[in-house]
Amino acid sequence: MISRRDMLISTAAALAGGAALLTGERGEAAERRGELKPGKKGNRARPYLPVVTPNGGTLPWAMKNGVKEFHLIAEPVEREFAPGMTVKCWGYNGLTPGPTIEAVEGDRVRILVTNRLPEHTTIHWHGIFVPNGMDGVGGLNQPHIKPGETYAYEFTLRQHGTFMYHPHADEMVQIAVGMMGLFIVHPRQPEESAVDRDFAIMLHEWAVHPGTYRPDPAVMLDFNMFTFNSRVFPGIAPLVVKTGDRVRIRLGNLSMDEHPIHIHGHRFWIAATDGGRIPGSARWPETTVLVPVGATRDIEFIADNPGDWAFHCHKSHHVMNAMGHNVPNLLGASQKGLEERIRALLPGYMAMGETGMAEHSEHIAHMEGPANTLPMMTGTGPFGNMEMGGMFTVVKVRDDLKSYDEDPGWYRHPEGTVAWKVK
Ligand SMILES: [Cu+2]
């Protein structure tokens, strides 16, 4: 049954879609109101455009008597952060973050949760309006799920947006070692600002001490690995889009710090939080979105500037891998003659830091680090060392694209558009 109110909403959405096809100033005004063209690829087989979870996946479901049934298995998982480093984490269904759950507003969902961890757990559905007994706080709303047990959570989705799931049992340990995931609820009505590409990224930070394999849950401040979907640069997939695509990136944060996530070459609108969509008139433009702890943020933009655009956390220590923070400051300190003298005691010792840290990225090739530990500054681009790590990837905006699922390689700059050395 479609009510008169629903009809009005869809008509308004259709009109808004038309307005958005305008370009320039009027198009911009439409963009500001969140009124943009309906997605080209959505609204076909499914009533929504599926979300892409880079380096991750979506949880399959089966229809059982009108209920969408999902099955999450809480278990230990080995996660490669990037080639050269594999971490012994906990997660769901072989993944950290766990697979993204996708459903539609109005759906009745049942989520079976099987515990294959060595200790009890529960799942809390962060931001979702559930009956109290489904809220998953162990001891408060339900008994804990003991190892080997399966519990069922069942509720009707009464809202849409970007939400999360995570344990509410020994969460200091369980979240620290990777137990989290995104829960996306698509709107029942056509979106007022449908997108062409919809990405989902969980931010996280870890303390994996050099030479070890297990994240240290006791660390509160001094983390050394910073991840998008439990991967670090250069192990994070690029976000591939076509020029002109309307792009949404959903960011979730259950780490111990806020992360200011920044895009180059574009500005975006902060379009939603885990409290819901922000009305078009109240959205504001940014190039950096601060994602607080225990929150989600949806950012939306039109990818109108072709190129390879950095997308990263703006805390400069969060784009490093395995950095030690307890080191003496050698910047500007003369180490003349020191290297030879220390080498007599410590063969292979290299004095570094006098002129800055950039030389670190030069030493990767011939310096051997501890086992299972990535270099602090790494990655190679078409012009040399990128000196990055952690929460860093590239939004690849291309005029011509064979497939969204293929890395199109590095951007080929039109002649005369690259910074040049002055003779
Ligand atoms: Cu950060």
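Predicted model, so just to flag it, every value in this text is computed and none were measured. (Residues numbered from 1 in each chain as written. Predicted model: local features only at pLDDT ≥ 70, side-chain atom pairs only at ≥ 80, totals over all residues.)

A. Looking closely at the overall build of the protein. Per the secondary structure count, the protein includes five helices and 23 strands. Here the protein holds 423 residues, and the buried ones make up 40% of them. Sequence-distant contacts, at least 24 apart, represent 74% of the contacts inside the protein between residues at least 6 apart. (Helix = DSSP H or I, 4+ residues; strand = E, 2+ residues; numbered from the N terminus. Buried ≥ 20, exposed ≤ 12 C-beta atoms within 10 Å, placed from the backbone. Contact = placed C-beta atoms within 7 Å.)

B. Here's a closer look at the sheet that holds strand E4 (residues 101–104). The four strands lie next to each other as E4-E9-E8-E6, forming an open sheet whose pairing is mixed. Of all the strands in the sheet, the pair left with one neighbour each is E4 and strand E6 (124–126). When strand polarity is set aside, the average angle formed by the axes of neighbouring strands in this sheet is 25°. (Pairing = 2+ DSSP bridges. Axes fitted to C-alpha atoms, helices over the stretch in contact; angles between N-to-C directions.)

C. Seen up close, the nonpolar core. Among the nonpolar cores identified, the biggest contains 88 residues, and Phe183, Ile201, Met225, Val232 and Val395 are the most heavily contacted of them. Excluding anything up to four places from it in sequence, phenylalanine 183 contacts Ile101, Trp125, Ile128, Phe163, Met164 and Tyr165. (Core = buried A, V, L, I, M, F, W, Y, C linked by C-beta atoms within 7 Å.)

D. Broad picture of the sheet that holds strand E20 (residues 307–313). Taken together, the five strands give an open sheet; going across it, the order is E12-E23-E20-E14-E18, and neighbouring strands pair in mixed fashion. Only two strands of the sheet have a single partner each, and these edge strands are strand E12 (239–242) and strand E18 (288–291). Going across the sheet, the axis of each strand differs from the next one's by a mean of 20°, ignoring polarity.

E. Main features of the environment of glycine 409. Relative to the elements of secondary structure, glycine 409 occurs in the segment after strand E23 (392–398). Under the C-beta neighbour-count criterion, glycine 409 is labelled exposed, with 11 such atoms within 10 Å. The spatial distance from the C-alpha of glycine 409 to the C-alpha of lysine 396 is 8.7 Å, given a sequence separation of 13 residues.

F. View of the confidence of the model for the protein. For the protein, the mean per-residue pLDDT works out to 88, and 87% of the residues sit at or above 70. In the predicted structure, residues 1–44 sits below a pLDDT of 50 and forms 52 contacts with residues beyond four places in sequence or in another chain. (pLDDT = per-residue confidence, 0-100.)

G. The arrangement of unusual backbone geometry in detail. At the junction of threonine 96 and proline 97, the peptide bond is cis and its omega measures out at -10° in the coordinates. In this fold, proline 97 is placed in the loop between strand E3 (85–92) and E4. A cis amide bond, omega 10°, links phenylalanine 233 with the succeeding residue proline 234. Relative to the helices and strands, proline 234 is located in the loop between strand E11 (225–228) and E12. Its identity as a non-glycine residue notwithstanding, asparagine 229 has a phi of 45°, on the positive side. Summarising the element assignment, asparagine 229 is placed in the loop between E11 and E12. Asparagine 229 gets classed as buried once you count the C-beta atoms within 10 Å, which come to 26. Phi is positive for asparagine 372, which is not a glycine, with a value near 55°. With respect to the helices, strands and loops of the structure, asparagine 372 is situated in the loop between helix H5 (359–363) and strand E21 (378–381). Among the residues examined, asparagine 372 registers 17 C-beta atoms within 10 Å and is labelled partly exposed.

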